[in-house]
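# Structural characterization, general
Below are the chains, spelled out letter by letter.
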Amino acid sequence: MKPLEFLEQAIRTPSPSGYEEPIQKLISEYLQPHTDEVSIDVHGNLTACVGPADSPRLMLAGHCDQIGMLISYIDEEGFLYAQTIGGWDPQQLIGQAMTVWTANGPVSAVISRKPIHLLSAKEREEVVRLQDMWLDIGAICAEEAAAKVRVGDPVTLDLHYRPLLGDYVSGPGMDNKTGMWTVMETVRRSATELNEKPLQCQLFGVATVQEEIGLRGAKTAAARISPDVAIAVDVTHASDCPTISKQQQGDIRLGGGPVIVRGPNINAKVAARLIELAEGNDIPYQLAALGRAAPNDSNVLQISGAGVATGLVAVPNRYMHSAVETISTADIDAIAKLLTLFAQSLTPECSFIPG
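First things first, this report covers the structure right here in the doc. Just so we're clear, the structure is a prediction, and the values are computed from it rather than from any experiment.

### Notes on the nonpolar core
One finds Ile 27, Leu 58, Met 180, Met 184 and Phe 342 to be the most contacted residues of the largest nonpolar core, which totals 56 residues. Core analysis: the next-biggest nonpolar cluster, separate from the first, contains 25 residues, Ala 61, Ala 271, Val 300 and Leu 312 among them.

Below, the structure written as structure tokens:
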């Protein structure tokens, strides 16, 4: 499977937080030809490892989970109600094609609410609430619905992958299967190039789980690996579309290259090395400032154990947490190149102690 085919398959594979088994199976199958060191821990994190064991430990983290829903009730007429997994804008859900992922396979569904014709004047002015929407699988009664779907089954948007003009692609789950892709592509490239540029570090590429519900997988994976250096890869808001304030979000553009983050959550020497490698290898990059603990895996990586020298590289993403998230494949390829160079640059002599 070619790298961009792997990305497309990842986007089409369900992975709501806590239900990541299908995506981890896909990742494992993709990496098996390149390294035998692929494992899944009790929490569900997948780790692929290359490089000598008696060397600095570099952990790259890209969470593989996506936002979703969870069936919580089936009414007498066979309509389904669901909780959210992760942060949803309920208005994004109105009229969407959905899939319920059951033990016996996917079940198609639609989610909607009362038609506009039947809304009162007050209801038309109100923001839609999750409890005012339901899932319809076409069942005519509770018994028929319950024969297909169980409480606790996960739900996703229709997992499509839509090429746009140029190298832009759109679909749900770009957050953060694109970041996961860059991490696994770095492992693949590092394993492939070992004979030409042997690593002087032990590289752990981790597809972390349950980031969308509290950065949970990165915490347990870091405790197990005990890295010396760690870099998280996640998406960030692109500001190159209408209504997004560059003054608030920074000037972040699709096709502008990796977004290297600076701020108190980030080890200054890790960020400086990423910038130096980008500039020295003609990799376009963008800078972002973050004045607080990051709302992604880098947050818990930095404070794992006695502390970890942590970096954060981001994929520019339009329309986050929607059915039409949009990224540039040139950006994720550039991030994989940058991370591969970072891994190749790491030696036992490297120090990331501030000062």
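Now, onward.
### Topic: the layout of surface pockets
Size it by volume and the largest pocket reaches roughly 580 Å³. A total of four residues in the lining of the largest pocket trace back to one element, the largest contributor, which is strand β13 (residues 229–237). By residue class, the composition of the lining of the largest pocket is 11 nonpolar, eight polar and five charged. A volume near 160 Å³ is recorded for the second largest pocket. Within the lining of the second largest pocket, the residues separate by chemical class into four nonpolar, no polar and six charged.

### A short note on the sheet that holds strand β11 (residues 168–170)
Taking strand neighbours across the sheet as the criterion, the three strands line up as β10-β11-β17 in an open arrangement whose pairing is antiparallel. Whereas interior strands pair on both sides, the edge strands pair on one side only; in this sheet they are β10 (162–163) and β17 (326–328). For β11 and β17, the ladder comprises three bridges, and the chain directions are antiparallel. Residue pairing for β17: Tyr 168 is matched across the bridge by Ser 328. Each of β11 and β17 is contacted by helix α10 (residues 329–345), which is oriented at about 55° to β17, the strand it contacts most.

### A closer look at α10
Between its terminal C-alpha atoms α10 stretches 25 Å, which fits the 24 Å expected from 17 residues at 1.5 Å a residue. Counting buried residues along α10, 13 of its 17 residues qualify, which places the element largely inside the surrounding structure. Among the residues of α10, the N-terminal cap falls to Ser 328, whose side-chain oxygen and the backbone nitrogen of Ala 330 are separated by 3.2 Å.

### Observations regarding the pattern of salt bridges
In the structure shown here, the tally under the stated rule is nine salt bridges. In this structure, Asp 132 and Arg 129 form a salt bridge, with 3.0 Å as the shortest nitrogen-oxygen distance. Arg 189 is the salt-bridge partner of Asp 333, the closest N and O atoms lying 2.6 Å from each other. Of this pair, Asp 333 sits in helix α10 while Arg 189 is found in helix α5 (residues 174–192), placing the two residues 144 residues apart along the sequence. For Asp 333, a relative accessible area of 37% gives the class partly exposed. Judged by its relative accessible area of 15%, Arg 189 is buried. Overlapping salt bridges bring together Glu 185, Arg 188, Arg 189 and Asp 333 as one network.

Calculation rules
Residues numbered from 1 in each chain as written. Predicted model: local features only at pLDDT ≥ 70, side-chain atom pairs only at ≥ 80, totals over all residues. Heavy atoms only, no water. Core = buried A, V, L, I, M, F, W, Y, C linked by side-chain atoms within 4.5 Å. Buried < 20%, exposed > 50% of the residue type's maximum accessible area, 1.4 Å probe, protein only. 1 Å grid on protein atoms, 1.4 Å probe; cavity = no way out; pocket = protein on both sides within 12 Å on 5 of 7 lines; lining within 4 Å. Points joined across faces, edges and corners; volume = space filled by probe spheres on them. Helix = DSSP H or I, 4+ residues; strand = E, 2+ residues; numbered from the N terminus. Nonpolar A, V, L, I, M, F, W, Y, C, P; charged D, E, K, R; others polar. Pairing = 2+ DSSP bridges. Contact = heavy atoms within 4.5 Å. Axes fitted to C-alpha atoms, helices over the stretch in contact; angles between N-to-C directions. Expected span 1.5 Å × (residues − 1). Polar contact = N/O pair within 3.5 Å; in protein donor to acceptor, adjacent residues only side chain to side chain. Salt bridge = Lys/Arg side-chain N within 4 Å of Asp/Glu carboxyl O.

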